[in-house]
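Now for the letters of each chain:
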Amino acid sequence: MTGDSTRCVHSSLDPEVTTGSVHTPIFQTSTYVQNDFADHLGYEYARGDNPTRNALQRALAEMESPHQEAYGFCFASGMAAITTISQMLEQGDHVIACDDLYGGTVRLFDQIASRFGIETSYSPLKSGDLGNIVRDNSKILWLESPTNPLLTVHDIKSLAAEAKEHGLIVVVDSTFATPILQRPFELGADIIVHSTTKYIGGHSDVIGGCLITQSKELAEKISFLQNAVGAVPAPMDCFLILRGLRTLALRMNRHCESAMTLAERLQDNDKVTRLFYPGLKSHPTHEIAQRQMNAFGGIISLEVKGGEAGARKFAAQLKLFATAESLGGIESLINHPWTMTHAAIPEKQRYDAGMTPGLIRLSVGIEDMEDLWNDLVNALETL
Ligand SMILES: *Cc1c(COP(=O)(O)O)cnc(C)c1O
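Residues numbered from 1 in each chain as written. Predicted model: local features only at pLDDT ≥ 70, side-chain atom pairs only at ≥ 80, totals over all residues. Heavy atoms only, no water.

**Section: the nonpolar core**
Of all hydrophobic cores here, the largest spans 113 residues; its most connected members are Ile85, Leu125, Leu141, Trp142, Ile300 and Phe314. Considering every element that reaches this core, the biggest residue donor is helix H10 (residues 248–267), with 9 residues. Two domains share this core, each providing at least three of its residues, namely domain 1 (4–245) and domain 2 (252–380). Excluding its chain neighbours within four sequence positions, the residues that come into contact with isoleucine 300 are Leu151, Ala259, Leu262, Ala263, Leu266, Leu275, Phe276, Tyr277, Ile360, Arg361, Leu362 and Val364. (Core = buried A, V, L, I, M, F, W, Y, C linked by side-chain atoms within 4.5 Å. Buried < 20%, exposed > 50% of the residue type's maximum accessible area, 1.4 Å probe, protein only. Helix = DSSP H or I, 4+ residues; strand = E, 2+ residues; numbered from the N terminus. Domains from an automatic or database assignment. Contact = heavy atoms within 4.5 Å.)

**Overview of the side chain of asparagine 148**
As for its placement among the helices and strands, asparagine 148 is situated in the loop between strand S4 (138–144) and helix H6 (156–165). With a relative accessible area of 1%, asparagine 148 lands in the buried category.

**Observations regarding the site of the ligand**
Taken together, 14 residues are adjacent to the ligand, and Met79, Asp173, Ser195, Thr197 and Lys198 come closest. At a separation of 2.9 Å, an oxygen atom of the ligand approaches a polar backbone atom of glycine 78. Between a nitrogen atom of the ligand and a side-chain N or O atom of aspartate 173, the distance comes to 2.7 Å. Alone, the ligand offers 380 Å² of accessible surface; in the complex the protein occludes 93% of this. Element by element, the count of residues in the shell around the ligand is highest for helix H3 (residues 78–86), at 3 residues. Residues of the shell around the ligand, tallied by class, amount to 4 nonpolar, 7 polar and 3 charged. (Near = heavy atom within 4 Å. Polar contact = N/O pair within 3.5 Å; in protein donor to acceptor, adjacent residues only side chain to side chain. Areas by Shrake-Rupley, 256 points an atom, 1.4 Å probe, with all protein chains shown as cover. Nonpolar A, V, L, I, M, F, W, Y, C, P; charged D, E, K, R; others polar.)

**Section: the domain arrangement of the protein chain**
Interface size is commonly expressed as the accessible surface area that is lost when the partners come together. The domain architecture assigned to the protein chain consists of domain 1 (4–245) and domain 2 (252–380). Once you take the C-alpha centre of each, domain 1 and domain 2 turn out to be 26 Å apart. In this complex, domain 1 contributes 35 residues to the contact, which on the side of domain 2 involves 39 residues. Where domain 1 abuts domain 2, roughly 2,900 Å² becomes buried across the two surfaces, and 62% of that area is made up of carbon and sulfur atoms. (Buried area = accessible area lost by both parts, 1.4 Å probe.)

**Examining unusual backbone geometry**
A cis amide bond links serine 145 with the next residue in sequence, proline 146, at an omega value of -15°. Topologically, proline 146 is positioned in the loop between S4 and H6. The peptide bond linking asparagine 148 to proline 149 adopts the cis configuration, its omega dihedral lying at 10°. With a phi close to 65°, leucine 151 is a non-glycine residue in the positive phi region. With respect to the helices, strands and loops of the structure, leucine 151 is situated in the loop between S4 and H6.

**Description of the pairing of strand S6 (residues 191–195)**
The side chains of a regular strand alternate between both faces of the sheet. The element S6 is largely enclosed, with a buried count of 5 among its 5 residues. Neither face of S6 is left uncovered, since the one carrying Ile191, Val193 and Ser195 and the one carrying Ile192 and His194 both have all their residues buried. Judged from the 3 bridges that link them, strand S5 (residues 169–173) and S6 form a sheet pairing that is parallel. Following the sheet pairing, valine 172 is matched in S6 by isoleucine 192. Two elements, S6 and strand S7 (residues 209–213), share 5 bridges in a ladder whose sense is antiparallel. Counted as the bridge partner of serine 195 is glycine 209 from S7. (Pairing = 2+ DSSP bridges.)

**Here's the deal with the packing of H10 against helix H14 (residues 369–381)**
Where H10 contacts H14, the axes come no closer than 10 Å and their chain directions differ by 30°. In terms of their interaxial angle, H10 and H14 are classed as roughly parallel. At the point where H10 passes H14, the crossing takes the right-handed sense. Two secondary-structure elements touch here, H10 through Ser258, Thr261, Leu262, Arg265 and Leu266 and H14 through Met369, Glu370, Leu372, Trp373, Leu376 and Leu380. (Axes fitted to C-alpha atoms, helices over the stretch in contact; angles between N-to-C directions. Parallel < 35°, antiparallel > 145°, perpendicular 65-115°, else oblique. Left-handed = near helix turned anticlockwise from the far one by under 90°.)

**Quick notes on the pattern of salt bridges**
As enumerated under the stated definition, the model contains 12 salt bridges in all. Residue arginine 7 pairs with aspartate 4 through a salt bridge whose shortest N-O separation is 2.6 Å. You can see arginine 7 and its partner aspartate 4 sitting in helix H1 (residues 4–10), 3 residues apart, about one turn around the helix. Look at arginine 7 and you get buried, because its relative accessible area is 3%. In the salt-bridge network here, residues are joined through shared partners; they are Asp4, Arg7, Arg183 and Glu186. (Salt bridge = Lys/Arg side-chain N within 4 Å of Asp/Glu carboxyl O.)

So this is what it looks like as structure tokens:
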């Protein structure tokens, strides 16, 4: 199985053994009968193991690591997955993270992990920087690529190589890229994070997260924490996410194609004052994106004439882009990071990362691209 679409459909597509059901059913159970004390079919209690969850975990591991064994672990949300990584650390450990980061991740590190003696430093992380930031107690390099909301593409390969020299575990939050657009393991990642709420689920109807690793040692730690901490997803949610995964390649093609065309057209519109899309030559990390990604994703960030007030007016005029948090669903959305997804980050830190009160983020859905374009142009003309 080499093609992305084939892998999306066939990863872990094993008929259910008792009925032949083509798709893994929803095993809605909390426990499993044992023949004798501790004599069972491999399933004891559903926090530890559930067949629906296992099918999703295997499929996600196959998606990120088609040629080498890998281990997938699913969680009740992207944040639950990220929290579980923070629980691999000890008091006194240090995390190095890129500075343009999902707001919830910053909140977790700064307001929760910090209470347990884990310190986090944020940096723009240009290649060659790491030597100046790393400390004796640094344990993790945390990368998000492309980042949320400015779509910075980090050079994962060179940063991971530097991190390895310092013995750091390299974590890549690849939510915006999905397994279709980049392969972090081939670039040196040790753990890949996804909020499966976004493109993998793909229909804005479920919350979930996952961690994937090729390292047996890390997998044992994560497996222990998944059961011991218990931030696990429900079987129904796993089913929905697995169903979403089956069409991921198809959807990503459309998201990326439409976003590329819309970004190119927005570039020539005089109501657009700043525009961020990694597929445009004008994007500061376009060259890295070209090297590292198969396509440039479905998210566009921009500022329009009139700053925050302009952004508000623009959003209100749109008919097909609903104002909502989240991204990666079949329907187009518009989000205002300053007051919505990134409001939890201290203001100075937001400015330092390049965010402004006028910034808006578009999640380009799979509607007809020309309809989306007309919607955007009509709204821009009112400014
Ligand atoms: C949404 C998101 C998360 C958090 O995931 P939830 O499923 O909302 O808990 C983490 N990282 C990125 C990049 C995200 O977009």
